[in-house]
Amino acid sequence: MLNIIIFGAPGSGKGTQSERITSKYKLLHVSTGDMLRAEIAAKTTLGELAQSYISKGHLLPDEVIIDMLAEKLKHSKKNHNGIIFDGFPRTVAQAQALDKMLQEHNQHVSLMLELEVEKDELIKRLVKRGEQSGRDDDNLEVIQNRLQVYHHQTEPVMDFYKNAGKYNHIQGNGTVEEIFELIANVLDKHTDK
Ligand code: AMP
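Residues numbered from 1 in each chain as written. Predicted model: local features only at pLDDT ≥ 70, side-chain atom pairs only at ≥ 80, totals over all residues. Heavy atoms only, no water.

Visitor: Would you take a moment to explain helix α4 (residues 62–75) for this structure?
Guide: Three- or four-residue spacings in an α-helix give side chains the same orientation, since the helix completes a turn every 3.6 residues. Under the 1.5 Å per step criterion, the end-to-end length of α4 is 20 Å for 14 residues, consistent within 8% with the ideal 20 Å. Residues of α4 that are buried include every one of Ile65, Ile66, Met68, Leu69 and Leu73, and no others. Viewed end-on, α4 has its buried residues packed into an arc of 160°, placing them on one side of the element. Exposed positions of α4 whose direction lies more than 90 degrees from the buried face are Glu63, Asp67, Lys74 and His75. Lining the buried residues of α4 we find β2 (28–31), α2 (32–41), α3 (45–54), β3 (83–86) and α5 (92–104). (Helix = DSSP H or I, 4+ residues; strand = E, 2+ residues; numbered from the N terminus. Expected span 1.5 Å × (residues − 1). Buried < 20%, exposed > 50% of the residue type's maximum accessible area, 1.4 Å probe, protein only. Arc of directions from axis to C-beta. Contact = heavy atoms within 4.5 Å.)

Take a look at the structure:
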């Protein structure tokens, strides 16, 4: 099984690249952000809670996210070659919980891909996305918060995977195609092993 974590700041292209990776390598795409937005659209209790954090650019509590993901893994069909985790883990506690959850399914994280994009470019992309999609956390004030949260709470997750020898750096500026090629090189090398 190929279990990948796609990692990077908001606006780094995780969702776009996940779609490409998912279709080429037949993976299941698990995006905690998409799951939470679906809960909001369905007006569930979890959705209501999620909205209050997302609208401020804050992270939901670890236990809420971990429980949601555990449910997802328990009920997902097994007709894929692995999973791509997009937007998760965002804290070291979530990374530790993911290891434990995968172990329970006799699996492990294969590798992490970090898409690195400079801050000015991230802001430009997110503002543009907000104008096009109407995602209400893609406005300048909330974007600034999300980038702060990323720096303080999420970046340490990189060290967790560096220490485990699973970290791969991807230069995230360029066209979608160019970046996908860099990613595919890493994944092809890994799957050839
Ligand atoms: P995303 O679509 O991945 O950028 O996520 C949008 C928002 O959902 C984030 O700004 C957080 O408020 C929330 N969220 C998504 N994933 C997580 C996570 N793993 N832990 C905590 N909050 C999350």
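Visitor: Is there a simple way to think about the site of the ligand in this case?
Guide: Contacts to the ligand come from 15 residues, most closely from Thr32, Arg37, His58, Gly87 and Arg90. Arg37 places a polar side-chain atom, nitrogen or oxygen, 2.9 Å from an oxygen atom of the ligand. Its free accessible area being 490 Å², the ligand has 96% of it covered by the protein chains. In terms of residues, the shell around the ligand owes the most to one element, α2, which gives 4 residues. Looking at the shell around the ligand, its residues break down into 6 nonpolar, 5 polar and 4 charged. (Near = heavy atom within 4 Å. Polar contact = N/O pair within 3.5 Å; in protein donor to acceptor, adjacent residues only side chain to side chain. Areas by Shrake-Rupley, 256 points an atom, 1.4 Å probe, with all protein chains shown as cover. Nonpolar A, V, L, I, M, F, W, Y, C, P; charged D, E, K, R; others polar.)

Visitor: Looking at this model, I keep getting lost on the environment of Met101. Mind explaining?
Guide: With respect to the helices, strands and loops of the structure, Met101 is situated in helix α5. When its relative accessible area of 8% is taken as the criterion, Met101 is described as buried. Once the C-alpha coordinates of Met101 and Thr22 are considered, the two residues, 79 residues apart in sequence, prove to be 21 Å apart. Apart from the residues within four sequence positions on either side, Met101 is in contact with Ile66, Leu69, Ala70, Leu73 and Phe88.

Visitor: Hey, could you run me through the packing of helix α1 (residues 14–25) against helix α9 (residues 176–192) in this one?
Guide: The angle between the axes and the distance between the axes are what describe a pair of packed helices. Their axes nearest at 10 Å, the elements α1 and α9 cross at an angle of 50°. When the axis of α1 is compared with that of α9, the two are oblique. Of the two elements, α1 crosses α9, and the hand of that crossing is right-handed. Two secondary-structure elements touch here, α1 through Thr16, Gln17, Arg20, Ile21, Lys24 and Tyr25 and α9 through Val176, Glu177, Ile179, Phe180, Ile183, Ala184, Leu187 and Asp188. (Axes fitted to C-alpha atoms, helices over the stretch in contact; angles between N-to-C directions. Parallel < 35°, antiparallel > 145°, perpendicular 65-115°, else oblique. Left-handed = near helix turned anticlockwise from the far one by under 90°.)

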